[in-house]
Amino acid sequence: MTSIILLSVFGIINLFLGFLRSNKVLLPGAMLLLLIVFGVNLADWGQGTQSFYNSMLVVDNYTVAFTGIVVLTTLVLLPFSRSYVVAGEPNLAEYYSLLLFSLVGAVMMIGYNHLIMLFVGIEILSVSMYVLAGSSKRDARSNEAALKYFLMGAFATGILLFGVALVYGATGTFVLSELSTAVAAPANASLQPMLYIGILMMIIGIGFKVSAAPFHFWTPDVYEGTPTFFTAFMSTVVKTAGFAAFLKLLAVALPGAQGFWLPTIQAMCALTLLLGNVGAAVQTSTKRMLAYSSVSHAGYLLIGLVASRGNLTGEAASGIFFYSLAYSVATIAAFGVLKLVADHRQRDDYAGLNGLGKTNPLLAFSMTVAMLSLAGIPLTGGFFGKFFLLAAAVGQGYIGLVVFALVMSMVGLYYYLRPLIAMYLRPAEEGATPVPVDGIQTVTLALLALLSIALGIVPGFLSGIL
Amino acid sequence: MLTAVLLFLPLAAALLLLFTKGAAARALALGASLLEFGLAVYAAFAFKATGTGSFDLSYAWIPSAGINFHLGLDGLSLLLVLLTTFLVPLILLAAFKHNYDSPSTFYALVLFMQTGLIGVFVSLDAFLFYFFWEVALIPIYFLAGAWGGERRVAVTLKFFLYTVVGSLFMLAGFVYLYLQTGPGVGSLAQHSSELSAFYALTLSASEQSWLFWLIFAAFAVKMPIFPFHTWQPDTYTEAPAPATMLLSGIMLKMGIYGTMRWLLPVVPLGVSQWGFLVIILAVIGIIYGAIIAIRQQDLKRLIAYSSLSHVGLMAAGVFSLTQIGLQGAVVQMLAHGVNVVGMFFVADAIERRTGTRHIPDLGGLTRRTPILTVCFLVMLLSTVALPLTGGFVGEFLLLAGLYQYNAWVGAVAGLTIIFSAVYLLRMFQRVMLGPDSAFSETITDLTGGELLILVPLIVLVFWLGLFPGTFLHLSEPAVTNLLSLVGR
């Protein structure tokens, strides 16, 4: 709860700091504020369940864990904002504020205990993201991305809200715990169809936000058009918060309807894995590849939802936490490197990375660790993320789904290797100069790589905490 | 504790190497690898004195999933650790002969690879084993990819995909086994991925039947066994010489070792069901590799196919499940490691002098290079398995084991000795003897630095050939134990 208040206040403070127009103040300022939020959030760990606003929001270990991921992700993303300053972007402070505000939405999505809070959280997050997607105002692609994202997103939230209304109509409550009893033992059997249509619409609405197939179609275009800095935010924070909300919805409110949603999620999972991986394999642009890869990772996380079988604690939930963290760390590093390189070389295809191993060993190393982690190769966090999720799924008997996921991760190897091939095995263009990287970016990238490796070597300290 | 030092010393040196340059980097890399060899020798003496491993080390690695960081050494692991630590300094010396770009990174990757290899040989937990199995792949991918020949991009991609896909099958098998341990459905912490827990499982014959192929997929690709070998000749040819030595000298043994430790005792019924098929495949590989080797015009490619042929015999010997066959495989792992590294080094020495590996362009090199000729011949004859050399002891025991298993298979596999004499001596004749070529007069003999690499190899060739007992003695209890586990 404190983190929501702090984030809101800090967002406003940041807005007022805008008159300074100097990233030298704004960037460290924003990072410091986020660091404070991160610390305050961690202080709530192990304090039991605290409820706020008539139990509309709860803060428990689950909330703290996922809030930790989204705050940390934003914190390590900020150093890559540099080029907006170089380009003379006058509204920098507003972007920082919007990021902080959208984090408020993310935290509400994680901590909600009331369907209206879920809706409000998603809206706060999404409205900020619509603006940020179009933040490169003179770039037609960015405008296109914003418009597409807005139209699709508005539809999706509309459907979600419709679903919430139907569920309310069938059960008479918005509160998750009461929903759970009402769904498990329906008072009025004739309202069952309405309830299930409502649940399906909610799944569609959230599925859209986390870009799970078949509601992923907007992802590649929006990700590509959006400035890379904000794409990184979208593919990490939005997805992590979305999955935290998704798991909570299924596990706390709807365990009684498992027979209905389990097959649905399973089908979505298989489809997401297939479309995400095959889509990524045929791309030539690193950015689009990462967009499809984010779809495919939604697929792996959906396996966690299936394996959770309506449990907010235990292997599957811990697995989703670990996977989200490992995925976010690797994705921020990948997008960070891509942004620095693309800004300098003015291209974001694989060939744009050519020879990076020679010109910028650190960037290439960071990208390498990120790609290996996303591909799930040992020594990186991504391997244990996949391992925990898949082991939980096998433990619940979903052998077929796990085998399919393994086959798909073999496809994943192919496209995650392509940046490595470009960076190390192909020469840079004639006269290629090193990509300029400032001190704080260097430190951040090194830390992200170390964190990925640490998660891959000593996963014990964060595994099984939920 | 010693085991952990053996494991992490190369890694620490590799990290340090990233911050050193030039002569300091060479000194550091070589010093660390020699120290590592010294430690391994010390471990061997300590092991011989106590008989059993006092090298066990176990930490809870991921307590929430019952996975332990469990290292240990027995006779079998120890010999492979010795082989690794013996070869790595020589491979580094061979790397010093080249002017590679960013040499420090190159040496660091070699040492990083050593950590992965030793990790594979000392892990006693399935996930730890898988972990190091993949860790060993990452540096060799970059070594072969970044410093390789013209076709390196396509070739290393194929190599990487082949091996990773193979290992994913193994991982799937391990996960299945892991979930069979413990008291059934429950939290992951109740399961165990310890090797001993896998040994204690009782699995039905049908489970073992498909588990066999899941686990064997990784080993079959790594060895490689026909028909999973297609990545091998290309990769050996395109990789820079030191990487080829790592691949053929040590990495290939990961497959044989894995089979002995993680396949035979875990799914014995699967082995008895499919063992004969694997032996047939291995024997096909022996003949196939040999026939293709005869036709090769590229020195490195010829040695690559020769290696394919020899590894087939090792695999067949392992699957014969006889004491003598397994012991033969152990000796042959050492002998083959020494032979193939020596052969690739000689090929590299010739290529550095003449700029070509194309056999028809070479010829009559022997006149100016008496020392090179002798060294080449010793390595070659050991590969052919001439008595007195390590190759003879290994192949003799392997063939004896196969003969016990099935006389016909033994007889066909025995052709390997004839075949290898054909292609290797023919190659020797065309390269070293034969009509003079453009290089006959200009080629220079081996330098002292190069002898520093070849002399230890030659010493080991004869040591293995004359006193194989030194090594057989170490591995015997481990092999006996293994067979008793298979026979249960």
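Keep in mind it's a predicted model, so treat the numbers as computed, not measured.

Moving on, we get to the overall build of chain A. From N to C terminus, chain A includes 19 helices and two strands. On C-alpha atoms alone, chain A measures out to a radius of gyration of 21 Å, which is about the 23 Å that the 2.2 N^0.38 rule sets for 466 residues. Its C-alpha atoms put chain A at 75 × 50 × 40 Å along the principal axes. Within the span of chain A, comprising 466 residues, buried residues form 60% of the whole. Taking the contacts inside chain A whose residues are at least 6 apart along the sequence as the reference set, 80% of them involve residues at least 24 apart.

Take the pairing of strand 2 (residues 67–71) of chain B next. The buried fraction of strand 2 of chain B amounts to five of the five residues, a majority that puts the element mostly inside the structure. Taken together, strand 1 (residues 57–62) of chain B and the strand that follows it, strand 2 of chain B, pair antiparallel across an intervening segment of four residues, in which Gly66 of chain B is found at a positive phi of about 65°.

Below, the discussion takes up the UniProt feature "domain: NADH:quinone oxidoreductase/Mrp antiporter transmembrane" (unreviewed entry) in chain A. The residues that UniProt annotates with the feature "domain: NADH:quinone oxidoreductase/Mrp antiporter transmembrane" (unreviewed entry) are residues 113–410 of chain A. As annotated, residues 113–410 of chain A comprises 79% helix and 0% strand, and the C-alpha atoms at either end are separated by 39 Å.

Residues and elements named next belong to chain B. Once the domains are mapped, chain B shows domain 1 (1–266) and domain 2 (268–488). On a C-alpha basis, the centroid separation for the pair domain 1 and domain 2 is 22 Å. With 41 residues of domain 1 at the contact, the number on the domain 2 side is 48 residues. Here the side of domain 1 that touches domain 2 takes twelve residues from helix 11 (residues 241–263), the largest share from any one element. Residue composition of the side of domain 1 that touches domain 2, grouped by class: 28 nonpolar, ten polar and three charged.

Our focus in this paragraph is the interface of chain B and chain A. In this complex, chain B contributes 27 residues to the contact, which on the side of chain A involves 20 residues. For the side of chain B that touches chain A, the elements supplying multiple residues, two or more each, are strand 1, helix 5 (126–135), helix 6 (137–146) and helix 7 (152–180) of chain B. Of the residues forming the side of chain B that touches chain A, the biggest block, eleven residues, is contributed by helix 7 of chain B. Among the residues forming the side of chain B that touches chain A, the class breakdown is 22 nonpolar, three polar and two charged.

Okay, the packing of helix 13 (residues 299–319) of chain B against helix 14 (residues 323–354) of chain B next. Residues and elements named next belong to chain B. Running from N to C, helix 13 and helix 14 cross one another at 175°; their axes reach a closest spacing of 10 Å. As judged from the angle between their axes, helix 13 and helix 14 are roughly antiparallel. Across the interface between the two elements, Leu299, Lys300, Ile303, Ser307, His310, Met314, Gly317 and Val318 from helix 13 touch Gly325, Leu326, Gly328, Ala329, Gln332, Met333, His336, Val340, Met343, Phe344, Ala347 and Ile350 from helix 14. Its residues assigned to classes, the contact of helix 13 with helix 14 shows twelve nonpolar, seven polar and one charged.

Let us look at the pairing of strand 1 of chain B. Sheet topology places strand 1 of chain B next to strand 2 of chain B; five bridges connect them, and they run antiparallel. Following the sheet pairing, Ser58 of chain B is matched in strand 2 of chain B by His70 of chain B.

Moving on: the confidence of the model for chain A. Per-residue pLDDT for chain A has a mean of 89; in total, 98% of the residues score no lower than 70. Here helix 4 (residues 82–86) of chain A is the element of chain A with the lowest mean pLDDT, 55, and helix 3 (residues 61–77) of chain A is the one with the highest, 94.

What follows is about unusual backbone geometry. The peptide bond linking Ala213 of chain A to Pro214 of chain A adopts the cis configuration, its omega dihedral lying at 0°. Tracing the backbone through its elements, the reader meets Pro214 of chain A in the loop between helix 9 (192–209) and helix 10 (219–225). In this structure, Pro227 of chain B follows Phe226 of chain B across a cis peptide bond, with omega equal to 0°. Turning to its location among the elements, Pro227 of chain B is positioned in the loop between helix 9 (205–222) and helix 10 (231–238). With phi around 55°, Leu321 of chain B is a residue other than glycine that occupies positive phi space. Relative to the elements of secondary structure, Leu321 of chain B occurs in the loop between helix 13 and helix 14.

About the thresholds
Residues numbered from 1 in each chain as written. Chains lettered and ligands numbered in written order. Predicted model: local features only at pLDDT ≥ 70, side-chain atom pairs only at ≥ 80, totals over all residues. Helix = DSSP H or I, 4+ residues; strand = E, 2+ residues; numbered from the N terminus. Rg over C-alpha atoms; globule rule 2.2 N^0.38 Å. Buried ≥ 20, exposed ≤ 12 C-beta atoms within 10 Å, placed from the backbone. Contact = placed C-beta atoms within 7 Å. Pairing = 2+ DSSP bridges. UniProt positions renumbered as here; feature names shortened; annotations may be inferred. Domains from an automatic or database assignment. Nonpolar A, V, L, I, M, F, W, Y, C, P; charged D, E, K, R; others polar. Axes fitted to C-alpha atoms, helices over the stretch in contact; angles between N-to-C directions. Parallel < 35°, antiparallel > 145°, perpendicular 65-115°, else oblique. pLDDT = per-residue confidence, 0-100.

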